[in-house]
Amino acid sequence: MYRRVNVSEPYEESLEDMDDRDSIYLDTISVASEAINRRSLTLSRQTIYHSAEDLYEENAGLNEEDEFDGPAPVPTTKISPAAAALTGNSLTKYCDVPGKNDEVSALLIKQKQTITYSQWKARTWRRFQDGERSVDFVLSYLGDDPDPINAEKREAFQRNLMSEGLDLEIEKNQRIHFVKIHAPVEVLCRFCEILKMKMPIKKIEGSEDIIQEEFHLLDEMKSFFGKPFEFVKLDPNLFPERNNELRAEFSREKSYLFDTDRPDFFSPDVRIAVVNFILERQRFGNDKEQSVGIEKLLTDGVYSNAYPLHDGDLKTPDSQRYLLLNEWASVKQWIRHQPLDNIRDYFGARIALYFAWLGFYTHMLIPAAIVGLFCFLYGVATLFSNQISEDICSAGKSIIMCPQCDAKCDYWYLSETCLYSRFAHLIDNNITVFFACFMSIWAVVYLELWKRHSAKIIHRWGLTGFCHQAEHARPQYLARLQSAKKKKFNVVTQTLEPSVPFWQKKFPMYIVSFSVIFLFIFLAVAAVFGVIIYRMSTTTTRNLYGNTDSMSYKIMVTPVTAALLNLVVITIMNHVYDYLAVFLTNLEYKRTQTEYDESLTLKIYLFQFVNYYSSIFYIAFLKGKFVGYPAKYNRIFKLRQEECSPGGCLMELCIQLVIIMVGKQALNAVMEMAVPFLIKTYNTIRNKFVQTTEEDDGDKLICCSQWTEDYKLLAWSSRGLFDDYLEMIIQYGFITIFVVAFPLAPLFALLNNIFEMRLDAKKFLKFYRRPVPKRVKDIGVWYNIMNILVRIAVVSSAFIIAFSSNFIPRLVYMLSVNPDKTDVGYLNHTLAYFNTSDFQEGTAPLQTNFVNVTMCRYPEYRNPPWADRPYKRPLIYWHILAARLAFLVVFQNVVGAVQMLVAWAVPDEPRHLRDRIKREEYLTREIIIEQERLKSAGGKTPVATVPNGGVKVEDGTEVRQRTRKNSADST
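What comes next is a walk through the structure. (Residues numbered from 1 in each chain as written. Predicted model: local features only at pLDDT ≥ 70, side-chain atom pairs only at ≥ 80, totals over all residues. Heavy atoms only, no water.)

## Concerning the overall build of the protein
Tallying secondary structure elements over the protein gives 29 helices and 21 strands in all. When each of the 971 residues of the protein is scored for burial, the buried share is 52%. Summed over all atoms, the accessible surface of the protein reaches about 45200 Å², with 58% contributed by carbon and sulfur. (Helix = DSSP H or I, 4+ residues; strand = E, 2+ residues; numbered from the N terminus. Buried < 20%, exposed > 50% of the residue type's maximum accessible area, 1.4 Å probe, protein only. Areas by Shrake-Rupley, 256 points an atom, 1.4 Å probe, with all protein chains shown as cover.)

See below:
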């Protein structure tokens, strides 16, 4: 799209086909007057449009980095005295001057400057008009806003921003006006101190090797066995390994620690965070409670958008955005590690930690997926040697089963479930218990190793010790408590903050919130109950209309349609509840943004947990457990309860799990990429091509800078990564709580996450505006949720194995019933007899294809009709129940003990990391002590360095010089 245009060769494209940025570039190059013969040259609001007709053809085109010079023609528009006064690269700071870009473009032509395209773009693409100051943040609003009150608010807000020391520059040459904001060094220093940011201190020799290298067996093994997998590592030429940096909390009084004159000392994420902090807390009116912050201005329509800038477009090779898009967000790079430090520099710690967690979680899924695949392949290998399915397929041809519904249903042969029983064996086999134990222990190992891994990452990013109490209060919180008389002292921020009365304000809001939450949870359960009623009524409905489908068809199709219906209900209720949860959280008095996010997270996840898992819990723990028997069925609304097949309900649980889990992931993947793409495409078409008449041409937004390019992107949601975390945590629940029913769940999760990670990265880089960086020390409440899910998973796995599978009844039969200690005859043992003459009135089949049926079978442990106590529970039923309860106790205690042992054995932080933190604190403290001593003595001596981590001042006095061994001992 970008190309060099030789002024002496014809411009063969029509004016309509000319790209806006081509036209922009033609504005800034010097044009040789003797080599051009233009019919017209007109200046628009921002660009010089060339008619490109009858161009004089001379020489061949220039190369990409060829220079342009020579005298320039006098532009057809007049240049104001202000612009004529500009010389060289210096442009006076101005505010609210329309048409300035036109004058600068004309001035560059008049001054005959020699520049290349890349030089021009670097100078103007994301900078102020002086070409020196970078644009850290942008506000936009409609230029034709008819409301004078909005104009007054903007003027007051911008005046207050400048009083804070920010540089502003307003661009008014299109229908969308842009306010460009730059934070000078003085402002950055002041607010870095207020925000207590940890910044890198001046280099101290020895900081790269703070702790003496020791032999670690685990590290050596990782290094040795990792050599065949070198190809998964990042390219060191593109992502060089970074040296260790000592960091300290920024203080202007300790300026000797920090090299603030270094051009890259204040990284873009720091600059953006500082400007955003000012914008969120700046006033714009007399109303103390309502006239605070950019969020309020955006809600009221005073500004249309507020966003930081990406560091280049998608085609700028030297930009960090381009590098990340091609080397990280590309699906082709799915096997490589993630450049977490670069992601942190670009997006901030919050988003970078999400990708670090997602990558670690995906890697930990590899062993779980391998074991799950092995269990599934074991089921495939033993598919035709399973005694239960073989008995169903062979002996089942002579076993007549009782009807599935009243009156309209006929008897059926057990062999009709042959296919179903073979599929059930794939997930309910001899190693199901082993897989359940493995996944329960895997879940704990994963959480413990993540704590260690995240501790190293957080320390590398300078966020060790960051706490929520150090986080400043939300402007919305302070605005609501503006009139509060009671104050409390924050020991971390050393400031007085308003205190919220618990019983008068907080408690009523909690009552309202949780009342509404439990109401919606009840509605979610009611929706699941409705699906259950649908499932119970389908069998009767089919026979009412004379449907003669096979029993296998009914067993398979009814769960599938019910699961799809449940998925639709889940999706609809999620959208409704999300809006309500945000409203309820806004009513609560949450001091910090972290507290606000965690409260919102708990509300939504609690509902999502019930919404997604309730139908699965029903199949796993309730279906077929309280059916009754043909002479006395337990009914709901006069409908018989659902029954499990002779092979158990585990296969149906698997079907429900696959449809909800895989269906949800597929739907989310499509929505996450399709919706942003469609919205961005719509914005591009609307901003670029929607124009009805020649007079309306000004409505066309010309993309001539980074802020106009980013304007058409999607705004970053205030909920940020919530939906992405929620999707993964729900997936985590599926693969832990119900993994027994679907051994391939970790494999499907692994495949999904490989693409999810790259697609999320592409989505953030390509379709969304750059988010404001946030500091975090962990993944927040999501870790606690996963920890709770691990405990639930142990209980769930125990109950599923004990009550939904054939493991315990089959084991009891082999040990106490069959003298051969085999499962031969187990199928017949699980089926009870029923005398057809004992049917309740109106429940026996009205029409039947069977002749002289006196006995039918049903899957239950009950006495036969000829026993002394017909249809009552036999002794073997109580033996099996006792075995099931014993298995619950043993499984939970054994697995729970192993989990606690793993959690105890794996420390939250590696020992060498603790030593490093102590050593860094020691070095920083020694520097401060010596510099303060020199300052008190009247000297002003800069820091220098000496070998082995010692610190030396300019006059040669050594502050502290120790050997590496003694330094290690001191820690």
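On we go.
## With respect to the pattern of salt bridges
Applying the stated rule across the entire model yields 31 salt bridges. The salt bridge involving Asp-341 is made with Arg-460; its shortest N-O contact spans 3.0 Å. Of this pair, Asp-341 sits in helix 11 (residues 340–347) while Arg-460 is found in helix 15 (residues 432–460), placing the two residues 119 residues apart along the sequence. We classify Asp-341 as buried; its relative accessible area is 17%. (Salt bridge = Lys/Arg side-chain N within 4 Å of Asp/Glu carboxyl O.)

## Some points on the sheet that holds strand 4 (residues 167–171)
Spatial ordering of the open sheet is given by 4-5-3-8, a layout of four strands whose pairing is antiparallel. Here the strands that pair on one side only, and so sit at the sheet edges, are strand 4 and strand 8 (305–307). Within this sheet the neighbouring strands show an average axis-to-axis angle of 15 degrees, counted without direction. In this sheet, strand 5 (residues 176–182) lies alongside strand 4 in antiparallel orientation, the contact comprising five bridges. Its bridge partner lying in strand 5, Glu-171 is registered against Phe-178. Its contacts with the sheet place helix 5 (residues 148–163) against strand 3 (137–142), strand 4 and strand 5, and it is angled at close to 145 degrees to strand 4. Those strands touched by helix 8 (residues 268–281) are strand 3 and strand 5, and its axis lies near 45 degrees from that of strand 3. (Pairing = 2+ DSSP bridges. Axes fitted to C-alpha atoms, helices over the stretch in contact; angles between N-to-C directions. Contact = heavy atoms within 4.5 Å.)

## Quick notes on unusual backbone geometry
Residues apart from glycine generally show negative phi values, whereas peptide bonds are mostly found in trans. Its identity is not glycine, yet Lys-196 carries a phi of approximately 55 degrees, on the positive side. Within the secondary structure, Lys-196 is located in the loop between helix 6 (185–194) and strand 6 (198–200). You will see that Asn-852, though not glycine, has its phi angle at about 55 degrees, which is positive. Relative to the elements of secondary structure, Asn-852 occurs in the loop between strand 17 (831–835) and strand 18 (855–859).

## What to know about the packing of aromatic side chains
Two descriptors summarise a pair of aromatic rings, namely the distance from one centre to the other and the angle between the planes of the rings. Taken as a whole, this structure holds 55 aromatic pairs when the rule is applied. With centroids separated by 5.3 Å and ring planes inclined at 50 degrees, the aromatic side chains of Tyr-833 and Trp-866 adopt a geometry described as tilted. With Tyr-833 in strand 17 and Trp-866 in the loop between strand 18 and helix 27 (875–905), this pair connects stretches of sequence that are 33 residues apart. Accessibility expressed as a relative area gives 55% for Trp-866, which makes it exposed. Measuring from ring centre to ring centre gives 5.4 Å for Phe-834 and Tyr-871, while their planes differ by 40 degrees; the resulting arrangement is tilted. With a gap of 37 residues between them, Phe-834 in strand 17 and Tyr-871 in the loop between strand 18 and helix 27 connect regions that are remote in the sequence. On the basis of relative accessibility, which here comes to 7%, the residue Tyr-871 falls in the buried class. Against the face of Tyr-141 rests Arg-154, its NZ or CZ located 4.1 Å from the ring centre. (Phe/Tyr/Trp six-rings, centres within 6.5 Å; stacked < 30°, edge-to-face > 60°. Lys NZ or Arg CZ within 6 Å of the ring centre and 35° of its normal.)

## Some thoughts on helix 10 (residues 320–327)
Here helix 10 has its buried residues at Arg-321, Leu-323, Leu-324 and Leu-325. Of the surrounding elements, those touching the buried residues of helix 10 are helix 11, helix 21 (706–711) and helix 23 (745–767).

## Regarding the state of the cysteines
All chains considered together, the criterion is met by two disulfides. In this model, Cys-393 is linked to Cys-418 through a disulfide, with the two sulfur atoms separated by 1.8 Å. As the torsion about the S-S bond is roughly 90 degrees, the Cys-393-Cys-418 disulfide counts as right-handed. A residue pair is termed long-range when its members are at least 10 positions apart, and Cys-393 in helix 13 (residues 387–394) and Cys-418 in helix 14 (residues 418–427) qualify at 25 residues. For the pair Cys-393 and Cys-418, a shared accessibility class is recorded, and that class is buried. Two residues, Cys-402 and Cys-856, share a disulfide whose sulfurs are 2.0 Å apart. (Disulfide = S-S within 2.5 Å.)

## Comments concerning the environment of His-177
With respect to the secondary-structure elements, His-177 resides in strand 5. Not counting the four nearest positions on each side in its chain, His-177 is found in contact with Leu-139, Ser-140, Tyr-141, Gly-143, Glu-171 and Lys-172. Engagement of the side chain of His-177 in a polar contact is seen with the backbone oxygen of Gln-174, the distance being 3.2 Å. (Polar contact = N/O pair within 3.5 Å; in protein donor to acceptor, adjacent residues only side chain to side chain.)

## So, the packing of helix 24 (residues 781–804) against helix 27
One way to put it is that helix 24 packs onto helix 27 with a least axis distance of 9 Å and a crossing angle of 150 degrees. Regarding the angle of helix 24 to helix 27, the classification is roughly antiparallel. For the crossing formed where helix 24 meets helix 27, the hand is right-handed. When helix 24 is examined against helix 27, the residues Val-790, Arg-791, Val-794, Val-795, Ser-797, Ala-798, Phe-799, Ile-801, Ala-802 and Phe-803 are found in contact with a partner set consisting of Leu-881, Arg-884, Leu-885, Phe-887, Leu-888, Phe-891, Gln-892, Val-895 and Gln-899. (Parallel < 35°, antiparallel > 145°, perpendicular 65-115°, else oblique. Left-handed = near helix turned anticlockwise from the far one by under 90°.)

## A closer look at a nonpolar patch on the surface
Residues Phe-229, Phe-231, Trp-334 and Ile-335 make up a contiguous nonpolar surface patch of about 410 Å² in total accessible area. Examined against the element boundaries, Phe-231 turns out to sit in the loop between helix 7 (217–225) and strand 7 (247–249). (Patch = residues over 30% accessible without salt bridge, like charges linked within 9 Å, V, L, I, M, F, W, Y side chains within 5 Å.)

## Some details on helix 14
An α-helical turn contains 3.6 residues, so any two residues separated by three or four positions project in the same direction. The buried fraction of helix 14 amounts to eight of the ten residues, a majority that puts the element mostly inside the structure. Among all positions of helix 14, only Cys-418, Tyr-420, Ser-421, Arg-422, Ala-424, His-425, Leu-426 and Ile-427 are buried.

## Here's the deal with the pairing of strand 3
Counting buried positions along strand 3 gives five out of six residues, so the element sits mostly inside the fold. In terms of strand pairing, strand 3 meets strand 5 through six bridges, oriented antiparallel. Following the sheet pairing, Leu-142 is matched in strand 5 by Ile-176. Here strand 3 pairs with strand 8 via three bridges, running antiparallel. Bridging from a neighbouring strand, Val-138 pairs with Tyr-307 of strand 8.

## Let's talk about the environment of Asn-863
Relative to the assigned elements, Asn-863 resides in the loop between strand 18 and helix 27. Setting aside residues no more than four positions away along its own chain, Asn-863 makes contact with Tyr-833, Arg-869, Pro-870, Tyr-871, Lys-872, Arg-873 and Pro-874.

## Overview of the packing of helix 10 against helix 23
For any two helices packed against each other, the geometry is given by the interaxial angle and the distance between the axes. Direction vectors running N to C along helix 10 and helix 23 enclose 150 degrees, while the axes themselves pass 10 Å from each other. In terms of axis orientation, helix 10 runs roughly antiparallel to helix 23. Like other packed secondary-structure pairs, helix 10 and helix 23 cross with a definite hand, here left-handed. For the pair helix 10 and helix 23, contact is made by Arg-321, Leu-324 and Leu-325 and by Lys-762, Leu-765 and Lys-766, respectively. Here the residues of the contact of helix 10 with helix 23 are counted per class, giving three nonpolar, no polar and three charged. (Nonpolar A, V, L, I, M, F, W, Y, C, P; charged D, E, K, R; others polar.)

## Here we look at the environment of Met-651
Note that Met-651 resides in helix 20 (residues 650–689). Given the relative accessible area of 9%, Met-651 is considered buried. Taking the C-alpha atoms as reference points, Met-651 and Ser-804, separated by 153 residues in sequence, lie 9.7 Å from one another.

## Description of the nonpolar core
Grouped together as the largest cluster of nonpolar side chains are 144 residues, with contacts concentrated most on Trp-357, Tyr-361, Trp-442, Tyr-446, Tyr-605 and Tyr-732. Excluding its chain neighbours within four sequence positions, the residues that come into contact with Trp-357 are Tyr-446, Trp-450, Tyr-725, Met-728, Ile-729, Ile-779 and Met-786. In terms of nonpolar packing, the next biggest core, distinct from the first, is built from 45 residues, Leu-168, Ile-170, Leu-195 and Phe-284 among them. (Core = buried A, V, L, I, M, F, W, Y, C linked by side-chain atoms within 4.5 Å.)

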